[in-house]
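# A structural walkthrough
The lines below spell out each chain.
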Amino acid sequence: MNIAIIPARGGSKRIPGKNIKDFCGKPIIAWSIEVAKASGLFEHVLVSTDDTEIAEVAKIWGAEVPFIRPADIANDHAGTTEVITHATEWALNQGWPMSAVCCIYATAPFIQTDDLKRGLQALKSGNWAYALTATDYASPIFRAFQQRSDGGIEMFFPENFSTRSQDLPVALHDAGQFYWGRPSAWIEGLRVFDQYSVPVIIPRWRVQDIDTPDDWLRAEVIHKLLEQTKA
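Residues numbered from 1 in each chain as written. Predicted model: local features only at pLDDT ≥ 70, side-chain atom pairs only at ≥ 80, totals over all residues. Heavy atoms only, no water.

### Examining the packing of aromatic side chains
Aromatic rings in a pair are described by how distant their centres are and how their planes are angled relative to each other. As a reminder of what qualifies: Only centres within 6.5 Å qualify two rings of Phe, Tyr or Trp (six-membered ring in Trp) as a pair; their planes then separate them into stacked at under 30 degrees, edge-to-face at over 60, and tilted for everything else. Put simply, DSSP H or I for four residues or longer makes a helix, DSSP E for two residues or longer makes a strand, and each gets a number counted from the N terminus. Working definition: with a 1.4 Å probe on protein chains only, accessible area under 20% of the residue-type maximum means buried, over 50% means exposed, and in between means partly exposed.
Following the criterion strictly, the structure yields seven aromatic pairs and no others. Taking 5.0 Å as the distance between ring centres and 70° as the angle between the ring planes, the aromatic pair formed by Y130 and W186 counts as edge-to-face. Here Y130 is found in strand β6 (residues 130–136), whereas its partner W186 is found in helix α5 (residues 183–188), with 56 residues between them in sequence. A centroid spacing of 5.7 Å and a plane angle of 50° characterise the contact between F142 and F157, whose relative ring orientation is tilted. Pair noted here: F142 is in the loop between β6 and β7 (145–147) and F157 is in the loop between β8 (153–155) and β9 (172–181), with a separation of 15 residues, a long-range link. Its relative accessible area of 30% is what places F157 among the partly exposed residues.

So this is what it looks like as structure tokens:
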């Protein structure tokens, strides 16, 4: 059995009502719920939330909300792993024979069913604890620089000043869409970004963090363009 867990805490400060705010015609969490259900990979799609309004919206769009998240993992400092660990333990206590648990972010409207399927295949391809979405940086991070206190600049890695971009390692970053994991990995609290995790590469043009109003606007523009391309 595979289950999906969508963490959706209430009380977003930078984007009020973020997890249920309208995004291109439906609450943004609905995009994640619908893709999870359409994939056919999950026996259960759960939403972990501390907010009754989010819970009701999630149920309307077809997710299960069998518990309200405890207050000690519903604050600004609670990490995703803690939230998924709690939900995984709850599921195990129900006697569910789980082989994989997928954390899907509530604000990830670019997730596709094929990506979820590739993620599960990647998890099963070896002795991996996790399979997570990742993409490459737009510019080589090994030639990055910062502005100094005196106004000038300095490179983080000055030894790479003369190195050609194509000769530098390809650096990846979290695409922030989903994390497949084995139940034991979540229960043990293993760190996701480590040697026992395998990346599922997502094209850069289909990746957008949504943390600020500007991020939200950019994501809506990208989403509308992608929908037009499908038509």
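### Notes on the nonpolar core
For the record, the criterion: Nine residue types can take part in a nonpolar core, namely buried Ala, Val, Leu, Ile, Met, Phe, Trp, Tyr and Cys, and a core is a set of them joined through side-chain atoms within 4.5 Å. It only takes one pair of heavy atoms within 4.5 Å for two residues to be counted as in contact.
Grouped together as the largest cluster of nonpolar side chains are 33 residues, with contacts concentrated most on I6, I29, F42, V47, I104, L116 and W180. Residues in contact with I104, not counting those within four places in the same chain, are A4, I5, I6, P7, S32, A36, F42, I111, L116, Q177 and F178. Counting residues in each nonpolar core, the second largest holds 18 residues, with F67, A87, W96 and M98 among its members.

### Side note on a nonpolar patch on the surface
To be explicit about the condition: Each patch is built from residues lacking any salt bridge and having more than 30% relative accessible area; the joining distance is 9 Å for like charges and 5 Å for nonpolar side chains (Val, Leu, Ile, Met, Phe, Trp, Tyr). The Shrake-Rupley method, run with a 1.4 Å probe, gives the accessible areas here. Residue values count only the displayed protein chains as cover. The term salt bridge refers to a pairing of a side-chain nitrogen on Lys or Arg with a carboxyl oxygen on Asp or Glu at a separation within 4 Å.
On the surface, V170, L172 and I201 cluster together into a nonpolar patch covering about 280 Å² of accessible area. As for its position among the elements, I201 is in strand β10 (residues 197–201).

### A short note on the sheet that holds strand β4 (residues 44–48)
Hydrogen bonds between backbone atoms are what pair the strands of a sheet, whose relative direction is either parallel or antiparallel. This is how the line gets drawn: If DSSP finds at least two bridges between two strands, the strands pair. Note on geometry: axes are C-alpha line fits, over the in-contact stretch for helices, and angles between N-to-C directions span 0 to 180 degrees.
The six strands lie next to each other as β4-β1-β5-β9-β6-β10, forming an open sheet whose pairing is mixed. Looking along the sheet, the strands with just one partner apiece sit at the ends: β4 and β10. Taken over all neighbouring pairs, the strand axes of this sheet differ in orientation by 30° on average, direction set aside. Across five bridges, the pairing between strand β1 (residues 2–7) and β4 is parallel. Directly across from A4, in β4, lies its bridge partner V45. On top of the sheet, helix α4 (residues 113–124) reaches β1, β5 (100–104), β6, β9 and β10; it is set at about 75° to β9, its chief contact.

### What to know about the environment of K21
The residue K21 is located in the loop between β1 and β2 (22–23) in this model. Look at K21 and you get partly exposed, because its relative accessible area is 35%. Beyond its immediate stretch of four places on either side in the chain, K21 contacts I15, K26, P27, I28 and W216.

### Focus on the packing of helix α1 (residues 28–39) against α4
Inclusion rule: Between 65 and 115 degrees an angle is taken as roughly perpendicular, under 35 as roughly parallel, over 145 as roughly antiparallel, and anywhere else as oblique. By convention the crossing between two helices is left-handed if the near helix lies anticlockwise of the far one by an angle smaller than a right angle, and right-handed if it lies clockwise. Classes in brief: Ala, Val, Leu, Ile, Met, Phe, Trp, Tyr, Cys and Pro nonpolar; Asp, Glu, Lys and Arg charged; the others, Gly included, polar.
Here α1 crosses α4 at 60°, and the two axes come no closer than 9 Å. Judged by the inter-axis angle, α1 sits oblique to α4. At the point where α1 passes α4, the crossing takes the right-handed sense. Facing V35, A36, A38 and S39 of α1, the residues of α4 in contact are T113, L116 and K117. Tallied by class, residues from the contact of α1 with α4 come to four nonpolar, two polar and one charged.

### Some words on α4
Put simply, the rule reads: A helix is expected to reach a length of 1.5 Å times the quantity of its residues less one. The arc under discussion is defined with respect to the helix axis, by the directions toward the C-beta atoms.
Taking 1.5 Å per residue as the helical rise, α4 with its 12 residues ought to reach 16 Å, and the 17 Å between its terminal C-alpha atoms agrees with that figure. Taken residue by residue, α4 has D115, L116, G119, L120, A122 and L123 as its buried positions. The buried residues of α4 occupy an angular sector of 160° when projected down its axis, which confines them to one face. Turned more than 90 degrees away from the buried face of α4, the exposed residues are Q121 and K124. Summarising the contacts, the buried residues of α4 are in contact with β1, α1, β5, β6, β9 and β10.

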